[in-house]
Amino acid sequence: MKELLTELDIRLDKTADYESQNIQKIKAAQKQLQEANNPKDKLLPARILVEEFLFYQSDSSLYYADLAVSIARQTGNHTAENQMLSRKAIIYALCGMPWEGKTILDSLCNARTT
């Protein structure tokens, strides 16, 4: 037990470093998104931003999830669209709105059966 507490203390001491790394990843992905010349090149940075913001800023994660869904639809990438809709459902669940997530997942299930 003492080893776990020691490890926790070490990780807590590195919180600022973890946040700095996260911000750097976010800025790099945002730059890549802005510099992309076509929708296909925008999809990956949008997806990265969804993941980077997931436990950091939920509203930003939802914004980029919506953007990624829109880009996936533009490019006809149904797999990415479904993945980002599923990710959006998870974001809602983590934000304390599981019914919103369930609605999204139900729509995916209904779309599969039709």
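Look above for the structure.
Here's what I pulled together on the structure shown here.

Rules and cut-offs
Residues numbered from 1 in each chain as written. Predicted model: local features only at pLDDT ≥ 70, side-chain atom pairs only at ≥ 80, totals over all residues. Heavy atoms only, no water. Core = buried A, V, L, I, M, F, W, Y, C linked by side-chain atoms within 4.5 Å. Buried < 20%, exposed > 50% of the residue type's maximum accessible area, 1.4 Å probe, protein only. Helix = DSSP H or I, 4+ residues; strand = E, 2+ residues; numbered from the N terminus. Contact = heavy atoms within 4.5 Å. Patch = residues over 30% accessible without salt bridge, like charges linked within 9 Å, V, L, I, M, F, W, Y side chains within 5 Å. Areas by Shrake-Rupley, 256 points an atom, 1.4 Å probe, with all protein chains shown as cover. Salt bridge = Lys/Arg side-chain N within 4 Å of Asp/Glu carboxyl O. Axes fitted to C-alpha atoms, helices over the stretch in contact; angles between N-to-C directions. Parallel < 35°, antiparallel > 145°, perpendicular 65-115°, else oblique. Left-handed = near helix turned anticlockwise from the far one by under 90°. Nonpolar A, V, L, I, M, F, W, Y, C, P; charged D, E, K, R; others polar. Phe/Tyr/Trp six-rings, centres within 6.5 Å; stacked < 30°, edge-to-face > 60°.

1. As for the nonpolar core
Link 1 in the chain: One finds Leu 43, Leu 49, Val 50, Tyr 64 and Ile 91 to be the most contacted residues of the largest nonpolar core, which totals 24 residues.
Link 2 in the chain: Broken down by secondary-structure element, the contributors of at least two residues to this core are helix H2 (15–35), helix H3 (39–53), helix H4 (58–75), helix H5 (78–94) and helix H6 (98–113).
Link 3 in the chain: Per-element tally for this core: the top contributor is H4, with seven residues.
Link 4 in the chain: Sequence-distant contacts of Tyr 64, that is, excluding residues within four places in its chain, are made with Gln 30, Leu 33, Ala 46, Leu 49, Val 50 and Phe 53.

2. Notes on the environment of Gly 101
Link 1 in the chain: Among the secondary structure elements, Gly 101 is positioned in helix H6.
Link 2 in the chain: Overall, the relative accessible area of 3% leaves Gly 101 in the buried class.
Link 3 in the chain: For Gly 101 and Ser 86, which are 15 residues apart along the polypeptide, the C-alpha to C-alpha distance reads 8.0 Å.
Link 4 in the chain: Setting aside anything within four residues of it in sequence, one finds Gly 101 in contact with Ala 89 and Tyr 92.

3. Points about a nonpolar patch on the surface
Link 1 in the chain: Taken together, the side chains of Met 1, Leu 4, Leu 5, Leu 8 and Leu 12 make up a nonpolar region of the molecular surface, amounting to roughly 580 Å² of accessible area.
Link 2 in the chain: Of note, Leu 4 is situated in helix H1 (residues 2–13).

4. Things to note about the side chain of Glu 81
Link 1 in the chain: With respect to the helices and strands, Glu 81 occurs in helix H5.
Link 2 in the chain: Using a relative accessible area of 13% as the deciding quantity, one classes Glu 81 as buried.
Link 3 in the chain: Discounting chain neighbours no more than four positions away, the residues touching Glu 81 are Val 69, Ala 72 and Arg 73.

5. Some remarks on the packing of H2 against H3
Link 1 in the chain: Two elements in contact, H2 and H3, have axes whose closest approach is 8 Å; the angle formed by their N-to-C orientations is 155 degrees. As the angle between them shows, H2 and H3 are arranged roughly antiparallel. Handedness of the crossing formed by H2 with H3: left-handed. Every residue of H3 that contacts H2 at Asn 22, Lys 25, Ile 26, Ala 29, Gln 30, Gln 32 and Leu 33 is listed here: Lys 42, Pro 45, Ala 46, Ile 48, Leu 49, Glu 52 and Phe 53.
Link 2 in the chain: Class assignment of the residues belonging to the contact of H2 with H3 gives a composition of eight nonpolar, three polar and three charged.

6. Focus on the packing of aromatic side chains
Link 1 in the chain: Per the stated rule, a full pass over the model turns up three aromatic pairs.
Link 2 in the chain: Here the aromatic residues Phe 53, Tyr 56, Tyr 63 and Tyr 64 are joined through ring pairs into a cluster of three or more.

7. Notes on the pattern of salt bridges
Link 1 in the chain: According to the stated counting rule, one finds six salt bridges in the structure shown.
Link 2 in the chain: A salt bridge links Glu 7 to Arg 11, with the shortest nitrogen-to-oxygen separation between them at 2.8 Å. With Glu 7 and Arg 11 both in helix H1 and four residues apart, this pair spans about one turn of that helix.
Link 3 in the chain: When the shortest N-O distance is used, the salt bridge between Lys 88 and Asp 66 registers 2.4 Å. Of the two residues, Lys 88 sits in helix H5 while Asp 66 sits in helix H4, which places them 22 residues apart along the sequence.

Remember that the coordinates give geometry; whether it matters functionally is a separate question.
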